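Secondary and tertiary structure notes
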Amino acid sequence: MRLVLFMKKYRFILLAVFILTAMVQVFDLPLSETPLAGVQEVMASTEEAPPSAEKAAAPTEEGVDAAAVAYPPAPQLTEADYPQVKGVNGRVFIWLAAQLHLWFAAFVLAVPIFVFIIEAIGMATKNKKYDNMAYEFIKVSLTAYSVTAIFGGLLAFGLIIFYPDFFKYLASIFKESMIAYALIFFAESATLYIYYYGWKWLQGGFRKWVHLSLGLLLNAVGTTLMLLANSWVTFMMSPAGVDPKGAFLGDSWAVIHNFLWNPINLHRVIANIAYGGSVVGAYAAYKFLTSKTSEDRAHYDWMGYNANFIAIGALLPLPFAGYYLTAEIYAYSQQMGITLMGGVFAWLFIIQAVLIGALFLSANYYLWCGMGRSEGAVRYTKYLKYIAIAVVGAFLVWFTPHTLVLTNAELKSLGGPYHKYLGPLGIMPAKNTAVNIMILATFLSFMLYRRCNKVATVSWETSGNAAQVALFTAGIINILILGIYYGYFTNTVYKVAASIPQVCTTLAVIILSTVIDTLMYKGSKEVAPLKWGAVPDRAQYALFLLAVSFTWLMGLMGYVRSGIRQHWHVVDIMRDNSPDAFTPTLGFAANMVSAGTIIFMAIVIFIFWLAEISTKKTA
Amino acid sequence: MKKFFQVVGFSLFAIVAFALFANYGIPKINPAPPPVEEKVDLGAMTIESFIALGDRIFNGKGTCTLCHNAVGGRAPMLDSVAAKAGERVSDARYKGTATDSEGYIYESMVEPSAFVVVGFGKSGTNDTVSPMPNVSTGSIGLSDVELKAVVAYLQDKAGSDVTVEIPTEAPADEEQEEGAERVVAKTAEEVIENYGCTMCHKIAAGEGDMGPDLTKIGAAKSREYLRRAILDPNANIAVGFDPDMMPGDFGDQMAASELELLVKYMADSK
Amino acid sequence: MKIPKLLQALLVLVVVYVAFKIFFNVILGQLIPSSLLTMYMFFVICGVFMVFTATEEGARELVAPIKALVEDPSKKNIRNIVFIIIPLLIGGYVYQKMVPSFDAPIELRSIHPAPPSSLKAFGKRYDLMTLENPYRKFEKEDPEKFKELVKEGGAVYIKNCQFCHGDKLDGKGPYAAALNPLPLNFQDVGTIAQLQESYLFWRISTGGPGLPKEATPWLSSMPVWQDFLSEDEIWKVILFLYDYTGQSPRSWGESH
């Protein structure tokens, strides 16, 4: 009898073993069979014949003739070609204008994406609450839209003043797309204004459908805008459609569709959504803190929760998109890849690790605090410490640098600069392992939060729970085994190979447990109505930290994305010969990013204030 | 208003904390300034200073040590490459045209895939394609003189005799805008024009008749054959023509990219 | 008795700190760098406080003692003591951080760099790919003579090398404590047992200044022995190193 009970209680162990075996069979075949051959297959399949720098830029048959007749090569500049304006550093001006333009643009482009989704949810659920929230979101982004345009103008102005020849060269290559950009920008403005000002007018029945379609159109136009601007940036990193001297070969699509275009597009779309969510979250948090009535508090709490949900939802896949982008940079040019991950910029990724840690920690903390909204939460609070151990533990690994900073005494004691046990934590397998576990733990936080207020009514509840525990256990064990095996026991060349099965494992765990959870809590009872607004102020500061860290992180990564071009305007084609062609130090970059973040935050607060007084007037 | 200042204070605190960490939490590193294109005074060079030039290029502008270092394992170490050149050029997998260590090292820099050391090829290519770029082009863009200096340096490093001769003077067309960097032709037509192929051959717009007609040469000969015919004209002499007519030094004059353009052009002339 | 939350939190932090120290310094035998430990502890503190303040009651319990300390009139004396100690601690920490020291800047260093394929020493050129110890053959051919050579090598070692590398060849000579990085320990299987005799010949004859850049020649205090010893003496001392430690040199056949 006792044995049966014991078996019942711990059946998740058996299940875990079973799932683990399945995972190993499906994802980690290289591990169970001949490791190296398998790994090579995996690696070969991820790299689809990357064109090297020369190949991408090599003249095509038809292009040769066109270049010979129509387009001049990229100009070779000297210091004298860069106008100096007394008292203004051209690069700093461009840097700030570009970065602020990007922050606002990211925000303005992201908000319509989830406003569209929220509006659709509102239509599907017939819940007016969603529609109101969507309207409030778009209102916040409207003022930001004109600020985006202002900084875009400043950026173009700065380029013409400080880098006239470079701008002329880019403009000559992207003639069509720049004109298209201007036209689409007008289309974007028109759509946005109709979408916003027509919100109240286009309500109900068919009109609402028209409005929703407008939202879709707005997103389509906005995304096109971003893709065009991305192509200019990626052209500077991975030029295509020009010959080795920079003469345009006449194919406009080839220069747009350069090697890094799609990786950047993917990364930016996901990051924009997360970023937009976090900024709107900060807005809701501010309104929450300053609201006087409990209805307002409830409303903004709910809004903040949704914004945070959007931010975390987009944050979870972001490391994978970043990984893909980095892999593609390596594939395009090994030299650029090494510049990115080694040398000066290696330490940038330690700062990045700290910021990403701050993002994950504050996102988790917000969810934990949010459990206070439910009376059923006490059932789960005891598990929080384990999630915290997993998140912090994974984060410590994520943060450990490859090159340790050692005092001379420590150096002496270790006998050399290499640490036998901490050294492997500095390389990719350990980082991948850590980030996968961090994602799983954050997802677990979210699942617990969702469950807080629910009591399952299905008969197989305990089995379902056992299955989920088993799933997570097996997933984490699998990720750990892969990480340890590839981190400590294989050759450098194969160290990245673990990432794919690890990501597969994480995704499988997330998808399967969501399915189980959804089925299990179908028709579940509520413990008590959720008390929206019953959240401590601390949680709101977590939302602020999320927004600030995100902004700062974007600025920092903008620096490195641009920095890996080193002293080139267009890599390998057009050299930057201005006095500012050198790579600034990390500290300087951090100060620039901080200054930019402060300007951005100040303007954002101003916009929030505007949104507030406009509400007062209409109210 | 109190909340407003609290929020602003909190945000500022977070930003300042990040900035402080970035400034003081990690080691300070000053990135290397952009490489300066060096002007080389070849007349005043001794072989030692030429080797030293190669050293500077190898460790600096050439960015060779990014990959060819003892730590990363991304590329083979080069400290004994000169000594190993002999066995490499006689290796069955060798695809290049060099016969000695000087030629082999030079070729390995402009045509890295000619021989790929086992284990260092691009993944999935079974060591037939090298991940290394042609260092005479692109962002590294070493000139012929610089490449030769690197060869001298590597020969010296390996302890072999340095066989490279210091180029006495840069060829006339090299003294262009950027020191010793020469303008490399971008199209096959330019190559043909620059090297005067049409004086003897029927090729492109040329009507020469001292050498074989090359307008349909691609149909009959492989690229390897054509490349050799340029680099070593006496290896095979077409029926009806005399040996020693064609200059044998195109291999020294042409950039590798020009050679390849020309070979491709001829191979496609069918 | 229930432990107050604040104390619980502090206890957890102390336990984690000590655990890090013990785990790395004692169990693994490789100490944890203080810079890293500081950052680790910073985030552990964040994590601990996040857990303790996740619920409203938890947060209240955690700050209750602090609140009481600041606000409760009856705790005046403790308050005054705390308010003096905390600034002093901060001041002490700042002093520790800012006080100038004589520590050299930190460099990255590879311990056994790849050797060149040939070497110029004693005015000759040696091909390191094929170079062998001329006396090694006597180990089999003439054990008596070999013993004699080893003994001569030992004399050379005692006169020249033991000051740093130690009379037991364990890198603990009388001068060793003054050197950083430490002199190599020949007893360790990771040193001469991994190397060929020609490598030792290269390292001994050209010393620290002969190291390639990645091995930071400016950090090595190994003299250039070709200026002080003869070629013969170097070969003999190499025989002694292997003989005394019981190691055998790495043989030819495999190249790096």
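For the structure itself, look to the data block above.
Reference entry: report on the structure contained in this document. Being a predicted model, the structure only gives us computed values, none of them experimental.

Parameters at a glance
- Residues numbered from 1 in each chain as written.
- Chains lettered and ligands numbered in written order.
- Predicted model: local features only at pLDDT ≥ 70, side-chain atom pairs only at ≥ 80, totals over all residues.
- Heavy atoms only, no water.
- Pairing = 2+ DSSP bridges.
- Helix = DSSP H or I, 4+ residues; strand = E, 2+ residues; numbered from the N terminus.
- Axes fitted to C-alpha atoms, helices over the stretch in contact; angles between N-to-C directions.
- Parallel < 35°, antiparallel > 145°, perpendicular 65-115°, else oblique.
- Contact = heavy atoms within 4.5 Å.
- Nonpolar A, V, L, I, M, F, W, Y, C, P; charged D, E, K, R; others polar.
- Expected span 1.5 Å × (residues − 1).
- Buried < 20%, exposed > 50% of the residue type's maximum accessible area, 1.4 Å probe, protein only.
- Arc of directions from axis to C-beta.
- Salt bridge = Lys/Arg side-chain N within 4 Å of Asp/Glu carboxyl O.

A word on the pairing of strand E2 (residues 124-127) of chain C. Residue and element names in this part refer to chain C. Across 4 bridges, the pairing between strand E1 (residues 118-121) and E2 is antiparallel. When the bridges of E2 are listed, Leu119 appears paired with Tyr126. Hairpin connection between E1 and E2: a loop of 2 residues separates the two successive antiparallel strands, and Phe122 in this loop has a positive phi of roughly 50°.

This next bit is on the packing of helix H3 (residues 56-71) of chain C against helix H4 (residues 76-98) of chain C. Residue and element names in this part refer to chain C. Relative to each other, H3 and H4 sit at 100°, their axes nearing to 8 Å. The orientation of H3 relative to H4 falls into the category roughly perpendicular. Residues Leu69, Val70 and Glu71 of H3 lie in contact with H4, whose contacting residues are Ile78, Arg79 and Val82. Taken together, the residues of the contact of H3 with H4 break down into 4 nonpolar, no polar and 2 charged.

All names here are of chain C. For helix H6 (residues 143-160), which comprises 18 residues, the first-to-last C-alpha distance of 25 Å matches the rise-based estimate of 26 Å (1.5 Å per residue) to within 8%. Among the residues of H6, those classed as buried are Phe146, Leu149, Val150, Gly153, Gly154, Val156 and Tyr157. In a view along the axis of H6, the buried residues occupy a sector of 165°, so they form one face of it. Across H6 from its buried face, at more than 90 degrees, point the exposed residues Glu144, Lys147, Lys151 and Lys159. Residues of H6 that are buried make contact with helix H5 (138-141), helix H7 (162-165) and helix H9 (231-245).

The next point concerns unusual backbone geometry. All names here are of chain A. Here the phi dihedral of Gln566 falls at roughly 55°; this positive angle occurs in a residue that is not glycine. In this fold, Gln566 is placed in the loop between helix H24 (537-563) and strand E3 (568-570). Taking relative accessible area as the criterion, Gln566 reaches 37% and is therefore assigned partly exposed. Notably, Asp572 is not glycine yet its phi reads approximately 70°, a positive angle. In this structure, Asp572 sits in the loop between E3 and strand E4 (574-575).

Moving on, we get to the pattern of salt bridges. Taken as a whole and judged by the stated rule, the model has 14 salt bridges over all chains. The salt bridge involving Lys128 of chain A is made with Asp131 of chain A; its shortest N-O contact spans 3.6 Å. Of this pair, Lys128 of chain A and Asp131 of chain A both sit in helix H8 (residues 128-162), 3 residues apart, roughly one helical turn. Residue class for Asp131 of chain A comes out buried when judged on its relative accessible area of 6%. With a closest N to O distance of 3.2 Å, Lys3 of chain B and Asp537 of chain A form a salt bridge.

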